[in-house]
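Residue strings, one per chain:
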Amino acid sequence: MIYAANFKTNHTRETTREYLTKLQLQLFKKNPNDKVYVFPPLTALDDYQSNDVTIGVQNAYPVKNGAFTGEVGLEQLAEFNINTILIGHSERRDILGESQEFIAKKFDFFKEQGFEIIYCIGESLEIREQGLDAVMEHLVSQFEGIDTTYDNFVVAYEPIWAIGTGRTASVEEITQTHNALKKVVDKPLLYGGSVKGSNIKEIAEIENVDGVLVGGASLKTDTFLELVLHS
Ligand code: PGA
């Protein structure tokens, strides 16, 4: 299983360091095959040393350096030895207005650099209410321009209506969607959307769920550890 903590716009460098120190002390208990990722905000990057946790970024601009006011490129990430990135999160698509075309450009750039890419897809409630075929049509459209055969590629399925809402997709919805997605992209497949201590067991048991991408419940070390150490 993969356990990925997406801090979004939460935590500072100081609290990220405290978080990672506390997390590290408990990770000897995890299943040795499980992988743990933390995606802090860009300003919280530092020289964290850990064999048990991979630090990635929530976003970056597809450029080495240059004139892109307010953005961070490869040169800045390299200073912190970052080679893992989230691409396509619904908050970037919907709030920050990233188009599929731009997302594909970003994907290509970081693929060229050999980054591990956790690529997020997900549908709105309106689409979910139209049934699985409509959901799949939408999800497949989010692979447009994306090389799904890329080796260092993990997919995160996150229904938008389940993100930060406390409303998780049902076991049946996750099972059906993940089974259908595996036929399209044969890569590790994470589920995300209100994953927490009370539902991790049933979600982790679903056959084609290879891990979870967690926002709210990842913000405190204790609640994230509840997920990582649930078994
Ligand atoms: P959530 O966020 O766990 O708070 O629903 C998940 C995500 O957006 O990655």
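Rules used throughout
- The residue count restarts for each chain, going from 1 along the sequence in the order it is written.
- Since the coordinates come from a predicted model, pLDDT governs what is reported: local features require at least 70, and pairs of side-chain atoms require 80 or more to be given and counted, while whole-chain, interface and lining totals use all residues.
- By convention in this description, side-chain values take in all heavy atoms of the structure and omit both hydrogens and water.
- We call Phe, Tyr and Trp rings a pair once their centres come within 6.5 Å, taking the six-membered ring for Trp, and we label the pair stacked below 30 degrees between planes, edge-to-face above 60, and tilted otherwise.
- Helix numbers and strand numbers start at the N terminus; a helix is a DSSP run of H or I with at least 4 residues, a strand a run of E with at least 2.
- Partly exposed describes any residue whose relative accessible area lies between the buried limit of under 20% and the exposed limit of over 50%, with all areas from a 1.4 Å probe on protein chains only and scaled to the type maximum.
- Working rule for helices: expected span equals 1.5 Å times residues minus one.
- When checking whether two residues touch, look at their non-hydrogen atoms; a contact exists if any pair is within 4.5 Å.
- The near set for a molecule or strand comprises every residue that places at least one heavy atom within 4 Å of it.
- Contacts described as polar in this section are N or O atom pairs within 3.5 Å, which, within protein, must combine one atom able to donate a hydrogen with one able to accept it, while residues neighboring in sequence count only if both atoms come from side chains.
- Each accessible area is a Shrake-Rupley estimate made with a 1.4 Å probe; only the visible protein chains count as cover when residues are assessed.
- Residue type decides the class: Asp, Glu, Lys and Arg count as charged, Ala, Val, Leu, Ile, Met, Phe, Trp, Tyr, Cys and Pro as nonpolar, and the leftover types, Gly among them, as polar.
- In the sections that follow, a salt bridge refers to a side-chain nitrogen of Lys or Arg positioned within 4 Å of a carboxyl oxygen of Asp or Glu.
- For two strands to count as paired, DSSP must find a minimum of two bridges between them.

What follows is about the packing of aromatic side chains. Enumeration according to the criterion identifies 12 aromatic pairs in this entry. Ring centres 5.3 Å apart and planes at 85 degrees place the aromatic pair Phe107 and Phe153 in the edge-to-face group. Taken together, the positions of Phe107 in helix H4 (residues 100-112) and Phe153 in strand E6 (residues 153-157) put the pair 46 residues apart, joining distant regions of the chain. For Phe107, a relative accessible area of 0% translates into the label buried. Centroid distance Phe109 to Phe110: 5.0 Å. Interplanar angle 85 degrees. Geometry classified as edge-to-face. Owing to a relative accessible area of 0%, Phe110 belongs among the buried residues under this scheme. Linked through ring pairs, Phe107, Tyr119, Phe143, Tyr150 and Phe153 together constitute an aromatic cluster.

Attention now moves to helix H7 (residues 171-184). Counted at 1.5 Å a residue, the expected span for H7 with its 14 residues is 20 Å, and the 20 Å between its end C-alpha atoms agrees. Turning to H7, its buried residues are Ile174, Thr177, His178, Ala180, Leu181 and Lys182. In the core, the buried residues of H7 are packed alongside strand E5 (116-121), helix H5 (125-128), helix H6 (132-141), E6, strand E7 (189-192) and helix H8 (200-204).

Looking at the ligand, there are 13 residues lining it, with Lys8, His89, Glu158, Gly164 and Ser194 nearest. Taking Glu158, its side chain carries an N or O atom lying 2.7 Å from an oxygen atom of the ligand. Summarising the interface, the protein chains cover 96% of the accessible area of the ligand, which totals 290 Å² for the free molecule. The residue inventory of the shell around the ligand, partitioned by class, reads four nonpolar, seven polar and two charged.

Attention now moves to the pattern of salt bridges. Enumeration over the complete set of coordinates arrives at nine salt bridges. The partner of Arg17 in a salt bridge is Asp46, and the shortest N-O contact between them spans 3.1 Å. With Arg17 in helix H1 (residues 13-26) and Asp46 in the loop between strand E2 (35-39) and strand E3 (53-55), this residue pair connects regions lying 29 residues apart in the sequence. Overall, the relative accessible area of 37% leaves Arg17 in the partly exposed class. The salt bridge partner of Asp210 is Lys182, with a shortest N-O separation of 2.8 Å.

Examined against the element boundaries, Val214 turns out to sit in strand E8 (residues 211-214). Along the sequence, Val214 and Gln142 sit 72 residues apart, while their C-alpha atoms lie 20 Å from each other. Leave out the neighbours within four places in its chain, and Val214 touches Ala4, Ala5, Asn6, Val195 and Leu227.

So, on to the pairing of strand E4 (residues 84-87). Every second residue of E4 is oriented toward a common face, with Thr84 and Leu86 on one face and Ile85 and Ile87 on the other, all of them buried. As paired elements, E4 and E5 share four bridges and run parallel to each other. Opposite Leu86, over in E5, you have Ile118 as the bridge partner.

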